[in-house]
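Secondary and tertiary structure notes
Here is what each chain is made of, one letter per residue.
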Amino acid sequence: AGRSWQVSSIDEDRKVIYVKMVKNNRIPKWMGDHSGLIHTRIVAQMKKVLQEEMLYSYLQPGSQDLLSKTRDFVKDNHLLNSEFIPGNANSFYLCPWVGTRQLFTINNLLLCGLKDDLQIYSIRPGKHHLEIRSDLSIANFKAVLKKAQIDINNPEAFISEQQQLRMDKYDC
C-alpha cells in the first residue's frame, strides 16, 4: 500500500491482474479519457470518502493533500448536498452520484422522453454530471420533473431515433 504499481499483464480466464512495483515519487495523473463503466457502488464509495474526514495512512503525502483539497472544494461548493448546481444563464449541472449506466439512462430519458416538458435545449454529459441548458429555473425544473409521467413500455422515451435498431434488407 502507498506505492505505485504498473499492470504487466492480465489473465482474463483466471481473472487475475499481474502488477509490478514502480519507483515513482510523483502522484500519478489519471486522465480518465479511456476509463470504463463506473458502477454506482463505486460512485457511492467516492462520495463517502469525500464526506468523511478520515485520513488514509497508505496514501502518499501528495495524495493526502490532493484528497484534502478535493474534500474542501466539494464541501465549499455544496457538491455533496445538492444534485442541482447552478451554472451560467439558462444552464445548471445535474450531479446525481450514480454510475455510468444510470447517468446514461438519465441523459436519454431527459433528451427523449422529457425534453419538451422540461424545455431542454441541450445536455452535455460529463463523467459524473450532466450540463443541462433549459428555459426553466432549477426550482421549476425540479417541480416539472416530479410531476412527469413516463410510459415505461414506450422505448422511444429512453432511446433516441439514432440509437434504435434498424432492420436492413439483409437482416433476417
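In what follows, the structure referred to is the one given above.
So, here is what we can say about the structure in this document. Sequence order sets the numbering: in each chain, residues are counted from 1 along the sequence as written. Whole-chain, interface and lining totals are the exception, using all residues; otherwise, since this is a predicted model, local features are given only for residues with pLDDT of at least 70 and side-chain atom pairs are given and counted only at 80 or more. The basis for the side-chain values is all heavy atoms of the structure; hydrogens and waters are excluded.

1. Digging into the nonpolar core
- Ranked by internal contacts, the top residues of the largest apolar core, which has 14 residues, are Leu110, Leu118, Ile120, Leu130, Ile132 and Phe141.
- Note on conventions: DSSP H or I runs of at least 4 residues are helices, E runs of at least 2 residues are strands, and numbering of each starts at the N terminus. Looking at this core, the elements with two or more residues in it are β4 (91–94), α3 (100–112), β5 (120–125), β6 (130–134) and α4 (138–147).
- Sequence-distant contacts of Leu118, that is, excluding residues within four places in its chain, are made with Leu110, Ser134, Leu136, Phe141, Val144 and Leu145.
- The next biggest cluster of nonpolar side chains, apart from the first, holds nine residues, and it includes Val74, Leu80, Ile85 and Cys95. Only buried Ala, Val, Leu, Ile, Met, Phe, Trp, Tyr and Cys residues count toward a nonpolar core, and they belong to the same one when joined by side-chain atoms within 4.5 Å. Exposure categories follow from relative accessible area, calculated using a 1.4 Å probe and restricted to protein chains: below 20% of the type maximum is buried, above 50% is exposed, and the middle band is partly exposed. Contacts are assigned to residue pairs with any non-hydrogen atoms lying within 4.5 Å of each other.

2. A look at the sheet that holds strand β3 (residues 84–86)
- The pairing criterion is simple: DSSP has to find at least two bridges between the two strands. Here we have four strands laid out as an open sheet, ordered β3-β4-β6-β5, and antiparallel in their pairing. The open sheet has two free edges, formed respectively by β3 and β5, since each of these has just one partner strand. Going across the sheet, the axis of each strand differs from the next one's by a mean of 25°, ignoring polarity.
- Lying over the sheet, α4 contacts β3, β4, β5 and β6, oriented at roughly 155° with respect to β3. Fitting a line to C-alpha atoms yields each axis, with helices limited to the stretch in contact; the angle taken between N-to-C directions then spans 0 to 180 degrees.

That is the geometry; function is a separate question.
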